[in-house]
Amino acid sequence: MSRPKKNGYRPRRGKTKPKPKSTLPTVSVIPLGGVGEVGKNMLVIEYGDDIIVIDSGVKFPGEELLGIDLVIPDITYLVQNADKVRGIFLTHGHEDHIGGLPFTLKQIQVPVYGTRLTLGLVKNKLTEHGLIRDAKLHEITADDVVNVGAFQVEFFRVNHSIPDGIGIAVRTPAGLIVHSGDFKLDQTPVDDKVLEFSKLARYGDEGVMLFICDSTNVERPGYTPSERTVGDTFRSVFAKTDSRIIIATFASNVHRIQQVIDTAAEFNRKVAVVGRSMVTVVDVSQQLGYLNIPKGMLIEAEEIDRLPDNQVTIITTGSQGEPMAALTRMATNNHRQVAIRQGDTVIISATPIPGNEKLVSRTIDNLFRIGADVVYKEVANVHVSGHAAQQEIKLMLNFLRPKYVIPFHGEYRHQATFAKLGQTMGIPDEHILRVNIGERYEMNEEMVQMTGTVEAGSVMVDGIGVGDVGNIVLRDRHHLAQDGVVIAVVTIDKENGNVLAGPDLVSRGFVFVREAGDMLGEAKSRVKDALTGRNTGTTEWSVLKNLIRDTLNEFFYQKTKRRPIVLPIIMEI
Ligand SMILES: [Zn+2]
Ligand SMILES: [Zn+2]
């Protein structure tokens, strides 16, 4: 490869190898989530007695986290410094940026800043958690400037797959930090609000010390297509069919919903909104003026059957094949109001989030089996990403000309790819920081460097329990899922420890009892022998339990090469 070209990029050069001087003001930047991963975004910026936080998100658990509902950042550091936290600034209303807010506000009561739609979605969430009364919510626009503690916080409008997204510029005593939020560059956005380049250029002239940049699509060359291109596809699908049209997409993609409504209006169709989160988002967005729905356009799900097929559009959740979501239920005839039938056209206007591919493909199969015509990403342009591809990221870098960059919203491979991209523009490799959760980066007006770590990590939310499922519980769930469980019940004489009844063995998920009767019979007699053959007449439960467990573990492994969880239960008479 030839030497990296500068391509017009002019990084601000510091003095060579400056040593950190105690006289220079130092600002700390600490990611508590959202780096080296996609999800649970949370970034701490600290100077002296002042802390501000950008975003408070959740992550949806992968398959390895059995039964876990949500994962949120460990905010021990913020709790320990609660009196310093001046506010949480939200970039936009996606769950990976606002979903953790109820859990955070339960631990630290701090003001929250966000744009209108973002706060609209937050209000819903806080109401559900009973937190709305005490919440200090401050609505901001992209043109506001907020002074908090030592920081001056400004905002710039970005394009993304939800309206009202912003990036954040923070003036600190050690220089300017710019956070991109989740962004793409859409020259023809559905709401006509283009990313605010002029502000970026201004920040670039002012000098950006640290740029925290969305790296989700850094592997993709070129530009992410405009959201409007999806509307063109909708139009061609609508033009071709007289059947009912069912469209599944992300509830939060208000622009997409707007395009469905516009297309339906064009083709004289009504729209029914189905699915709890979809109904909520449509309500909030319409009330706040982010969705423009002609009068009489929306119908209730009950009215669908009263209209001719060619006047029906249904917009719904379930684009990820989630088992409980509306589309999945409609496809398996399990939905209270709507069943997909032969001849329906179903548009899946999304791509599967990594990990959901199988669920989505199962739903598509089910739909084809019923005889529906299914339109999905692989066969038509029914979805575009909300994140910037390489050319958009480059443009951002050229506007801002940052000295240091932290790629966020991506795995390690995104950080590494970002570094390569940065190098082609003359940003030295060591200025693109591959940051891990909990690392403290100290920034002065000359350099940014890692100086230590704070307590950080993941907290699992299971049902209403926060953080009460740890690694041991998870290990048990894995174990149960893999090898099942055997419960051994024995009744002993409390005087001398003699076995009075049992052992009885109950197993679940281990072996098919009807075929393994012999083996379980043998297991019983092994346990009985072990209990009667022991040399002490102890009635100490832990000794007996260990004896039962060891005997069965050894026997089952020898016979099946599996290790079910063995739970001995001892009753004394
Ligand atoms: Zn987002
Ligand atoms: Zn995000």
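Model, not experiment: these values are computed from the prediction.

About the thresholds
- Residues numbered from 1 in each chain as written.
- Chains lettered and ligands numbered in written order.
- Predicted model: local features only at pLDDT ≥ 70, side-chain atom pairs only at ≥ 80, totals over all residues.
- Heavy atoms only, no water.
- Donors = N, O, S within 2.8 Å, 3.2 Å for Na, K, Ca; no water.
- Helix = DSSP H or I, 4+ residues; strand = E, 2+ residues; numbered from the N terminus.
- Buried < 20%, exposed > 50% of the residue type's maximum accessible area, 1.4 Å probe, protein only.
- Phe/Tyr/Trp six-rings, centres within 6.5 Å; stacked < 30°, edge-to-face > 60°.
- Lys NZ or Arg CZ within 6 Å of the ring centre and 35° of its normal.
- Core = buried A, V, L, I, M, F, W, Y, C linked by side-chain atoms within 4.5 Å.
- Domains from an automatic or database assignment.
- Contact = heavy atoms within 4.5 Å.
- Axes fitted to C-alpha atoms, helices over the stretch in contact; angles between N-to-C directions.
- Parallel < 35°, antiparallel > 145°, perpendicular 65-115°, else oblique.
- Nonpolar A, V, L, I, M, F, W, Y, C, P; charged D, E, K, R; others polar.
- Left-handed = near helix turned anticlockwise from the far one by under 90°.

Give a detailed account of the coordination of the zinc ion (ligand 1), specifying residues and quantitative values.
At this site the zinc ion (ligand 1) is bound by H92 (NE2), H94 (ND1), H160 (NE2) and D182 (OD), with donor distances of 2.1 to 2.4 Å. In this structure, the zinc ion (ligand 1) lies 3.3 Å from the zinc ion (ligand 2), and both are coordinated by D182. With H160 in the loop between β9 (151–157) and β10 (166–172) and D182 in the loop between β11 (175–179) and α5 (197–206), this pair connects stretches of sequence that are 22 residues apart. There is no split in this pair, since H160 and D182 are both buried.

Explain the packing of aromatic side chains residue by residue, including any values.
On inspection of all chains with the given rule, the structure shows 7 aromatic pairs. An angle of 35 degrees between the planes, with centres 6.1 Å apart, marks the rings of F89 and F155 as tilted. Of the two residues, F89 is situated in strand β5 (residues 85–89) and F155 in strand β9; the sequence distance between them amounts to 66 residues. Judged by its relative accessible area of 1%, F155 falls in the buried class. Lying over the aromatic face of Y557, R563 brings its terminal NZ or CZ to 4.0 Å of the ring centre.

Residues and numbers for the nonpolar core, please.
Core analysis: the biggest nonpolar cluster contains 53 residues, and L78, L90 and I347 have the highest contact counts within it. Here this core gathers at least three residues from each of two domains, domain 1 (28–222 + 385–466) and domain 2 (228–375). Excluding its chain neighbours within four sequence positions, the residues that come into contact with I347 are F234, V237, I245, I246, I247, A248, V375 and V382. If you look at the next biggest cluster of nonpolar residues, it comprises 33 residues, including V27, I140, L210 and Y441.

Residue-level account of the packing of α5 against helix α11 (residues 390–400), with values.
A packed helix pair is summarised by two numbers, namely the angle formed by the two axes and the spacing between the axes. Interhelical geometry of α5 versus α11 gives an angle of 50 degrees and a closest axis separation of 7 Å. With respect to each other, α5 and α11 are oriented oblique. Contacts between α5 and α11 involve F197, L200, A201, Y203 and G204 on the former and, on the latter, L395, M396, F399 and L400. Among the residues making up the contact of α5 with α11, the classes are represented as 8 nonpolar, 1 polar and no charged.

Describe the packing of α11 against helix α12 (residues 412–424), with residues and values.
Look at α11 against α12: their axes get within 11 Å of each other, and the N-to-C directions meet at 55 degrees. Classified by the angle between their axes, α11 and α12 sit oblique to one another. In the packing of α11 onto α12, the handedness of the crossing is right-handed. Taking contact as the criterion, the partners of Q390, I393, K394 and L397 in α11 are, on α12, F418, L421 and T424.

Note that every value here comes from positions in space, so none of it alone points to a role or purpose.
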